[in-house]
2 protein chains.
Amino acid sequence: MGRQSIPPRSGTAFRLSAGDTLWVIDPEGVQVADLLAYNANDVREVISNGRTFDYAETIKLTTGHVLYSNRSRPMLTIVEDTVGTHDFLLTPCSKATFEHFYPGQPVHRGCFGNLAEALAPYGISEDDIPVAFNCFMNVPVGADGAITVQPPLSKAGDFLRLRAEMDLIIGLTACSAYASNGGSFKPIDYEVEQAN
Amino acid sequence: MGRQSIPPRSGTAFRLSAGDTLWVIDPEGVQVADLLAYNANDVREVISNGRTFDYAETIKLTTGHVLYSNRSRPMLTIVEDTVGTHDFLLTPCSKATFEHFYPGQPVHRGCFGNLAEALAPYGISEDDIPVAFNCFMNVPVGADGAITVQPPLSKAGDFLRLRAEMDLIIGLTACSAYASNGGSFKPIDYEVEQAN
């Protein structure tokens, strides 16, 4: 199907078969893409930051690391990463987080709302949305545990390449929050390279 | 009902009403208790490490911090904490994590299995178990993001006191893993102080 574009402040969902490779590309640089993964045959199995941290023994995930499900099974392997800084601590921005972090600014349903709408046709509802793997999101953790949301380190054309380890439903966004992308809203591109 | 004891390598579940205070006590020191919370009126609403990190802007949670649900609502407020070091990154130990981290040692169903059994009467199943708030668990994060499981800093009699901000179902364990409690298995005590 070639390269697809997710317009600014929107999201999409699609099927990814075991063995397929997903490219998540930041076409303009300094943008975030929230990535969710569900077992296509049983969407109660979902990506888990905690299980992934357990097995990776780090919160800084990059090439070679595996993203695990809540059932301790590999969902995606990061096979190439031109950035090296992503976030797996924070939940997708939502109406509630907009109201909290940006008082007085226009409220948006955020990646959370965009993911919920895109995933609904697959039988996935808001309560089924956990912490996403936030591609390119830059959230340094201080020595005291404090976290701050900084502009992504991605430059135009940077990408993540991930291999599906099972049949998956993927949710993917072009981030809607003010802080996480340095204050501007940009698209995210993706491409699926089929195994067969 | 007075002070209760959770025997080593086991778990329990109980109801906590809005306004009640829960004491989680480490009676012997250097032990971990995995804590889960669900909205008693709709168990699809559950404690969320990501939402909590969002609002607290730190991964180091202690007195004054609020533990949030996946719906961005306060579930529990930490009103007193004599230790100051807990973990909210890692999932409850399970059969799979035992097999991974302790090859050749006896496999245990872990806090995950104990929580699943204790929560089943409330209509909560394995797939509904997210990252727990791991009371007293000591998981330093290195400057490079690496995480290690160290013995808890809790001494005999140390405790956490948490106030329920909504009617809750609580799951609570005395940890079963080898590494997280310094190699020995001990009980955890708790007590509910009712608001009315």
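Residues numbered from 1 in each chain as written. Chains lettered and ligands numbered in written order. Predicted model: local features only at pLDDT ≥ 70, side-chain atom pairs only at ≥ 80, totals over all residues. Heavy atoms only, no water.

*Asks:* Report on the overall build of chain A, specifying residues and quantitative values.
*Replies:* In terms of helices and strands, chain A carries three helices and eleven strands. Each helix and strand of chain A, placed in order from N terminus to C terminus, yields the pattern β-β-β-β-β-α-β-β-α-α-β-β-β-β. For chain A, the spread of C-alpha atoms along the principal axes amounts to about 50 × 40 × 30 Å. Across chain A, every contact between residues at least 6 apart in sequence was considered, and the portion connecting residues at least 24 apart equals 76%. About 7200 Å² of surface is accessible on chain A, with carbon and sulfur atoms providing 50% of the total. (Helix = DSSP H or I, 4+ residues; strand = E, 2+ residues; numbered from the N terminus. Contact = heavy atoms within 4.5 Å. Areas by Shrake-Rupley, 256 points an atom, 1.4 Å probe, with all protein chains shown as cover.)

*Asks:* Just give me the short version of helix α1 (residues 49-56) of chain B, but keep the residues and values in it.
*Replies:* Of all eight residues in α1 of chain B, eight are buried; the element is thus mostly enclosed. For α1 of chain B, the full list of buried residues reads Asn-49, Gly-50, Arg-51, Thr-52, Phe-53, Asp-54, Tyr-55 and Ala-56 of chain B. Tucked inside the fold, the buried residues of α1 of chain B contact α1 (49-56), α2 (95-101) and α3 (110-119) of chain A together with β5 (66-68) of chain B. Capping the start of α1 of chain B, Ser-48 of chain B holds a side-chain oxygen 3.4 Å from the backbone nitrogen of Gly-50 of chain B, two or three residues further along. (Buried < 20%, exposed > 50% of the residue type's maximum accessible area, 1.4 Å probe, protein only. Polar contact = N/O pair within 3.5 Å; in protein donor to acceptor, adjacent residues only side chain to side chain.)

*Asks:* Let's hear about the sheet that holds strand β1 (residues 4-6) of chain A: which residues, and what values?
*Replies:* Residue and element names in this part refer to chain A. Spatial strand order, β1-β11-β3-β9-β7-β6: six strands in an open sheet with antiparallel pairing. Looking at which strands have only one partner, the edges of the open sheet turn out to be β1 and β6 (66-68). Within this sheet the neighbouring strands show an average axis-to-axis angle of 25 degrees, counted without direction. (Pairing = 2+ DSSP bridges. Axes fitted to C-alpha atoms, helices over the stretch in contact; angles between N-to-C directions.)

*Asks:* Account for the interface of chain A and chain B, naming residues and giving values.
*Replies:* Taken together, the contact pairs 34 residues of chain A with 34 residues of chain B. Carbon and sulfur atoms supply 50% of the area that chain A and chain B bury against each other, a total of about 2800 Å² over both sides. Ranking the residues of chain A by area buried against chain B places Arg-44, Arg-51 and Asp-127 of chain A at the top, with a combined share of 20%. Across the pair Asp-127 of chain B and Arg-71 of chain A runs a salt bridge whose closest N-O atoms are separated by 2.7 Å. Between the two partners, chain A and chain B, sit 18 residue pairs in polar contact (both at pLDDT 80 or more). Ranked by the residues each element gives to the side of chain A that touches chain B, the list is headed by α1 of chain A, at six residues. When the residues that make up the side of chain A that touches chain B are grouped by side-chain class, the tally is 13 nonpolar, twelve polar and nine charged. (Buried area = accessible area lost by both parts, 1.4 Å probe. Salt bridge = Lys/Arg side-chain N within 4 Å of Asp/Glu carboxyl O. Nonpolar A, V, L, I, M, F, W, Y, C, P; charged D, E, K, R; others polar.)

*Asks:* If you had to explain the sheet that holds strand β7 (residues 133-135) of chain B to someone new, which residues and values would you point to?
*Replies:* Residues and elements named next belong to chain B. Strand order across the open sheet formed by four strands is β2-β9-β4-β7, with antiparallel pairing between neighbours. In this open sheet, the two edge strands, each paired with only one partner strand, are β2 (10-16) and β7. Adjacent strand axes in the sheet meet at a mean angle of 25 degrees when their direction is disregarded. Bridge analysis of β2 against strand β9 (residues 168-174) gives seven bridges, and the strand direction is antiparallel. Among the inter-strand pairings, Gly-11 is bridged to a residue of β9, identified as Thr-173. Those strands touched by helix α3 (residues 110-119) are β2, β4 (33-39) and β9, and its axis lies near 145 degrees from that of β9.

*Asks:* Describe the relation of the copies chain A and chain B, and please don't skip the residues or the numbers.
*Replies:* What relates the two chain copies is a rotation about an axis together with a slide along it. Overlaying chain A with chain B gives an RMSD of 0.0 Å, the required rotation being 180 degrees about an axis along which the chain moves by 0.0 Å. Taken together, the rotation and translation relating the two chain copies correspond to the operation of a two-fold axis. Taking the C-alpha atom as reference, chain A places Ala-143 of chain A closest to the rotation axis, 3.6 Å from it. Interface overlap between copies: 100% of the residues of chain A at the interface are likewise at the interface in chain B, consistent with a symmetric, same-surface contact. (Least-squares fit on C-alpha atoms with pLDDT ≥ 70 in both.)

*Asks:* An account of unusual backbone geometry is needed here, citing residue identities and associated values.
*Replies:* At Ser-72 of chain A, a position not held by glycine, the phi torsion is positive, near 65 degrees. Checked against the element boundaries, Ser-72 of chain A lands in the loop between β6 and β7 (74-81). Taking relative accessible area as the criterion, Ser-72 of chain A reaches 14% and is therefore assigned buried. Of note in the backbone geometry, Val-30 of chain B takes a positive phi value of approximately 55 degrees without being a glycine. Mapped onto the elements, Val-30 of chain B comes out in the loop between β3 (21-26) and β4.

Don't take any of this as a statement about function, it's just geometry.
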